[in-house]
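Analysis of the macromolecular model
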2 protein chains.
Amino acid sequence: MKLREGVEWAVHCCINLSWVSPDTTVPAARLAAFHDLPTAYLNKQMNALGREGIVASRSGPRGGFRLGRPPQDITLMDVAAAIDGSAQAFLCTGIRHHGPAGRITGQADARTPCTIAQAFSLAELEWRRNLAGRSIADLADAVQRANPAAPEHVRRWFDQP
Amino acid sequence: MKLREGVEWAVHCCINLSWVSPDTTVPAARLAAFHDLPTAYLNKQMNALGREGIVASRSGPRGGFRLGRPPQDITLMDVAAAIDGSAQAFLCTGIRHHGPAGRITGQADARTPCTIAQAFSLAELEWRRNLAGRSIADLADAVQRANPAAPEHVRRWFDQP
DNA sequence: GAACGGGTACTCGGATAACTATTGTCCGAGTGACTGTGG
DNA sequence: CCACAGTCACTCGGACAATAGTTATCCGAGTACCCGTTC
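Residues numbered from 1 in each chain as written. Chains lettered and ligands numbered in written order. Predicted model: local features only at pLDDT ≥ 70, side-chain atom pairs only at ≥ 80, totals over all residues. Heavy atoms only, no water.

1. Observations concerning the packing of aromatic side chains
Residues and elements named next belong to chain A. Keep this limit in mind: Stacked, tilted and edge-to-face pairs are distinguished by plane angle, under 30 degrees for stacked and over 60 for edge-to-face with tilted covering the rest, among Phe, Tyr and Trp rings (Trp via its six-membered ring) whose centres lie within 6.5 Å. Here a helix means four or more residues in a row that DSSP labels H or I, a strand means two or more in a row labelled E, and each is numbered from the N terminus. Accessibility here uses a 1.4 Å probe with only protein chains present; expressed as a share of the type maximum, an area under 20% marks a residue as buried, one over 50% as exposed, and anything in between as partly exposed.
On inspection of all chains with the given rule, the structure shows 10 aromatic pairs over all chains. With centroids separated by 5.4 Å and ring planes inclined at 85 degrees, the aromatic side chains of tryptophan 9 and tyrosine 41 adopt a geometry described as edge-to-face. Pair noted here: tryptophan 9 is in helix α1 (residues 5–19) and tyrosine 41 is in helix α3 (residues 39–51), with a separation of 32 residues, a long-range link. Considering the side-chain rings of phenylalanine 34 and phenylalanine 158, the 5.0 Å spacing of their centres and the 50 degrees angle between planes classify their relative orientation as tilted. Of this pair, phenylalanine 34 sits in helix α2 (residues 28–35) while phenylalanine 158 is found in helix α8 (residues 150–159), placing the two residues 124 residues apart along the sequence. Phenylalanine 158 carries the same exposure label as phenylalanine 34, and that label is buried.

Next up, the structure:
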């Protein structure tokens, strides 16, 4: 099981965006430069965030990205789902119905849900719930507690050309 | 985030193996036939289980696989880790230290753990804990409750040549 | 009749190939800002 | 001096290529059984 690398990038960018003034847009190139990431690919990830309304984008000069809604309304689950997709990690292909297994168990469990899928879904639900309980604002606060000067430093770096 | 398809196969096979007598070995070909799966590939997955001691294997005529330990001592996490690997889904590449970001935040958070990685690790830990709390025996019982005749049917099918 | 040795068929296990998904790159469409001109 | 139109540079967004990971297949090594032979 593996999460796409872009999730890490996206979360960092969202935190950074939460620290610059909410009405200033930051180009993907600048966001990428801050962490020394490939610009075009980060842009692609930001697009994905844009499709979900997590960030708002604007083209042209003075264009770029800004948060689409307050950082306390953006959860880690939102970001992960936007970048990595919201499909279940364990997807039941129903092999219990295939081949002799299907004929043997018969229609007894044709209607009952797959026990295995249920177990994995439950675990995954906990995972989702956990991520959904953490907002970008929460993380930004936590970072600030560990390094109080960080927000100001970041804001200043993004403000200067 | 996506779990390999082999995880589903492996769990099903473990449950089936828990229902045949513990000292009979079942060839991969037979396990595969039961669910109409590609034999060689399932064999590969069973190899992975074997490396972790989840199943024991024997070559030659009358060879095959059997559970390596009692089904109540095999958790879904064990199986998932054996097939899919036990690496973290979210792996922190430390981009907060790359480029200007690293110079700006300085050594203030050089020693502090990455907040983002922590958040994802926590969620993942819950996922793991959940899967580690469910054994093959648990699932087998649940299936039996839904379909009481299943164990006997499965045992009989695997016994006959 | 019993023990032994060779052959055989069967099974796992790892090496190899096909395919899919992720990662990375490029270029066009759109947009706002700037500049020069005319009133 | 102010308004306006044309041009330009900048940015996103999606289309296209390279790379890595997963899925599938194949063949060799090893093992237990079976059969024929010998004591």
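2. A short note on the protein's contact with DNA strand D
Using the following cut-off: Any residue with a heavy atom positioned within 4 Å of a molecule or strand is treated as near that molecule or strand. Pairing of N or O atoms within 3.5 Å defines a polar contact, subject to two protein rules: one partner must be a possible hydrogen donor and the other a possible acceptor, and residues neighboring in sequence count only if both atoms are side-chain atoms. Residue classes follow a fixed rule: Ala, Val, Leu, Ile, Met, Phe, Trp, Tyr, Cys and Pro count as nonpolar, while Asp, Glu, Lys and Arg count as charged, and any other residue, Gly among them, counts as polar.
Contacts to DNA strand D come from 25 residues, most closely from Ala28(A), Asn43(A), Asn47(A), Ser57(A) and Phe65(A). Within 4 Å of the protein, the atoms of DNA strand D are drawn from sugar and phosphate moieties in a proportion of 63%. Here a phosphate oxygen of DNA strand D and a backbone polar atom of Ala28(A) are 3.0 Å apart. The contact in question runs from a base nitrogen of DNA strand D to an N or O atom on the side chain of Asn43(A), over 2.7 Å. Secondary-structure elements contributing two or more residues to the surface near DNA strand D are α3, β1 (55–58) and β2 (64–67) of chain A together with α1 (5–19) and α3 (39–51) of chain B. The element that contributes the greatest number of residues to the surface near DNA strand D is α3(A), accounting for four residues. Considered class by class, the residues forming the surface near DNA strand D number 10 nonpolar, eight polar and seven charged.

3. Side note on the side chain of Asp84(A)
As a reminder, the rule being used: Residues are treated as being in contact if the distance between any of their heavy atoms lies within 4.5 Å.
Position of Asp84(A) relative to the elements: it lies in helix α4 (residues 76–84). Not counting residues within four places of it along the chain, the set of residues in contact with Asp84(A) comprises Leu3(A), Arg4(A), Val7(A) and Met1(B).

4. A closer look at helix α6 (residues 115–132) of chain A
Convention followed: For a helix, the expected span equals 1.5 Å multiplied by the number of residues minus one.
Relative to the 26 Å expected for 18 residues at 1.5 Å per residue, α6(A) spans 25 Å between its end C-alpha atoms, a close match to the ideal helical length. Thr115(A), Ile116(A), Ala117(A), Ala119(A), Phe120(A), Ala123(A), Glu124(A), Trp127(A), Arg128(A) and Leu131(A) are the residues of α6(A) that are buried. Structurally, α6(A) contributes buried residues whose contacts are with α4 of chain A together with α1, α4 (76–84), α6 (115–132) and α7 (136–146) of chain B.

5. Overview of the nonpolar core
Selection criterion: What we call a nonpolar core is a set of buried Ala, Val, Leu, Ile, Met, Phe, Trp, Tyr and Cys residues that are connected through their side-chain atoms within 4.5 Å.
Val11(A), Leu49(A), Val79(A), Val11(B), Leu49(B) and Val79(B) are the most contacted members of the largest nonpolar core, which has 106 residues in total. Excluding residues that lie within four positions of it along the chain, Val11(A) makes contacts with Leu76(A), Val79(A), Ile136(A), Leu139(A), Ile116(B) and Phe120(B).

6. Topic: the protein's contact with DNA strand C
Residues in contact with DNA strand C amount to 25 residues; listed here are only the nearest, Ala28(B), Asn43(B), Asn47(B), Ser57(B) and Phe65(B). Between DNA strand C and Glu5(A), the relevant distance is 3.4 Å, taken from a phosphate oxygen to a main-chain nitrogen or oxygen of the residue. One of the backbone N or O atoms of Gly60(A) is found 3.4 Å from a base nitrogen in DNA strand C. Going through the elements one at a time, α1 and α3 of chain A together with α3, β1 (55–58) and β2 (64–67) of chain B are the ones with two or more residues in the surface near DNA strand C. At four residues, the largest contribution of residues to the surface near DNA strand C is made by α3(B). Classifying every residue of the surface near DNA strand C gives 10 nonpolar, eight polar and seven charged.

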